[in-house]
Amino acid sequence: MAERAEQAGRADRAGWLDEHEDEVWSGFFETQVLFWRRLAQQLQQETGLSEPDLAILQALLAAPGGKLRPYRLSGVTQFEKSRLHHHLTRMAGRGLVTREPCPGAERGAVVALTEEGRAAVAAALPRRAAHIRHWLTDPLTEDQRLALVGISAALTERLKDDRPAP
């Protein structure tokens, strides 16, 4: 009877993570949640910018003329169209970006970096770099950093694969 219950318990867990997989998942999950929470809190406190604000400003800073179409920015933030629209509206209200008509696209728009946005991103990037060093790269040995680069590349490649998970 006890053996049957044990077998039934194992059958109920078919498809669950084994102990090692659960250890990998738990470590990864806790690390990334704590990292992003810390980074977001510090950036907000020190610069008044959120991580999505900074990602958008950084993309605009690197773009020709400091301008990009909203669909390009959605790739940076991974925001859906509606969420990106609301986020850009809030950023425009703070003077960080403007919306301008898109030349050659009657109903299109471009998002442009303002001088205030340029100053905000210039002030925030060194703070963000210091936090990334403190929480991500400094605690690791050179071998661990190289391993993390390789691990990140493998995971990114899999995540960009369009095939559905089994």
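Data block above holds the structure.
My aim in this report is to walk through the structure given alongside it, one point at a time. This one's a predicted model, so the numbers in the text were calculated from it and none came from an experiment. (Residues numbered from 1 in each chain as written. Predicted model: local features only at pLDDT ≥ 70, side-chain atom pairs only at ≥ 80, totals over all residues. Heavy atoms only, no water.)

1. Quick word on the overall build of the protein
Working step 1: Regarding its fold elements, the protein presents seven helices and three strands.
Working step 2: Ordered by position in the sequence, the α and β elements of the protein form the string α-α-α-β-α-α-β-β-α-α.
Working step 3: Its C-alpha radius of gyration of 22 Å places the protein more than 25% over the 15 Å reference for a compact globule of 166 residues.
Working step 4: Going through the 166 residues of the protein one by one, you find that 23% of them count as buried.
Working step 5: Within the protein, residue pairs in contact and separated by at least 24 positions form 54% of the contacts whose partners lie at least 6 positions apart.
Working step 6: When the accessible area of the protein is evaluated, it comes to approximately 12300 Å², of which 56% is carbon and sulfur surface.
Working step 7: Charge separation in the protein, taken as the distance between the mean sites of 22 positive and 23 negative side-chain charges, equals 9 Å. (Helix = DSSP H or I, 4+ residues; strand = E, 2+ residues; numbered from the N terminus. Rg over C-alpha atoms; globule rule 2.2 N^0.38 Å. Buried < 20%, exposed > 50% of the residue type's maximum accessible area, 1.4 Å probe, protein only. Contact = heavy atoms within 4.5 Å. Areas by Shrake-Rupley, 256 points an atom, 1.4 Å probe, with all protein chains shown as cover. Lys, Arg positive; Asp, Glu negative; His and termini not counted. Charge placed at Lys NZ, Arg CZ, Asp CG, Glu CD.)

2. Quick word on a negative patch on the surface
Working step 1: Residues Asp18, Glu19, Glu21, Asp22 and Glu23 make up a contiguous surface patch of negative charge.
Working step 2: When you line up the elements, Glu21 lands in helix H2 (residues 19–47). (Patch = residues over 30% accessible without salt bridge, like charges linked within 9 Å, V, L, I, M, F, W, Y side chains within 5 Å. Salt bridge = Lys/Arg side-chain N within 4 Å of Asp/Glu carboxyl O.)

3. Things to note about unusual backbone geometry
Working step 1: Here the phi dihedral of Gln78 falls at roughly 65°; this positive angle occurs in a residue that is not glycine.
Working step 2: Relative to the assigned elements, Gln78 resides in the loop between helix H4 (70–77) and helix H5 (81–93).

4. Some words on the packing of aromatic side chains
Working step 1: Per the stated rule, a full pass over the model turns up three aromatic pairs.
Working step 2: Taken together, a centroid distance of 5.3 Å and an interplanar angle of 35° make the contact between Trp25 and Phe29 tilted. Pair noted here: Trp25 and Phe29 are both in helix H2, with a separation of four residues, about one helical turn.
Working step 3: A relative accessible area of 40% means that Phe29 is categorised as partly exposed.
Working step 4: Centre to centre, the rings of Phe35 and Trp36 are 5.3 Å apart; their planes meet at 80°, and the pair counts as edge-to-face.
Working step 5: Taking the relative accessible area as the measure of exposure, Phe35 reaches 15% and is therefore buried.
Working step 6: With a relative accessible area of 42%, Trp36 lands in the partly exposed category.
Working step 7: By the ring-pair criterion, three or more aromatic residues cluster together here, those being Trp25, Phe28 and Phe29. (Phe/Tyr/Trp six-rings, centres within 6.5 Å; stacked < 30°, edge-to-face > 60°.)

5. Considering the side chain of Glu51
Working step 1: Tracing the chain through its elements places Glu51 in helix H3 (residues 51–62).
Working step 2: For Glu51, the side chain forms a polar contact with the side chain of Arg128, separated by 2.7 Å.
Working step 3: The contacts of Glu51, once residues within four sequence positions are left out, are Trp36, Leu39, Leu43 and Arg128. (Polar contact = N/O pair within 3.5 Å; in protein donor to acceptor, adjacent residues only side chain to side chain.)

6. Examining the pairing of strand S2 (residues 97–102)
Working step 1: Relative to strand S3 (residues 105–113), S2 runs antiparallel, the two being bridged by six bridges. The residue bridging Thr98 from the neighbouring strand is Ala112, located in S3.
Working step 2: Count of turn residues in the S2/S3 antiparallel hairpin: two residues, of which Gly104 carries a positive phi of about 85°. (Pairing = 2+ DSSP bridges.)

7. Quick notes on the sheet that holds strand S1 (residues 67–68)
Working step 1: Spatial ordering of the open sheet is given by S1-S3-S2, a layout of three strands whose pairing is antiparallel. Both outer strands of the open sheet, S1 and S2, are each paired with one neighbouring strand and no more.
Working step 2: Running at roughly 50° to S3, H4 makes contact with S1 and S3 of the sheet. (Axes fitted to C-alpha atoms, helices over the stretch in contact; angles between N-to-C directions.)

8. Description of the nonpolar core
Working step 1: Counting 23 residues, the largest nonpolar core has Leu57, Leu60 and Leu73 as its most contacted members.
Working step 2: Looking at this core, the elements with two or more residues in it are H2, H3, H5, S3 and helix H6 (115–137).
Working step 3: Top element by residues in this core is H3. It accounts for five residues.
Working step 4: Among all residues touching Leu73, those that are not within four sequence positions of it are Ile56, Ala59, Leu60, Leu68, Leu84, Leu88 and Val111. (Core = buried A, V, L, I, M, F, W, Y, C linked by side-chain atoms within 4.5 Å.)

Just geometry here; none of it tells us what the structure is for.
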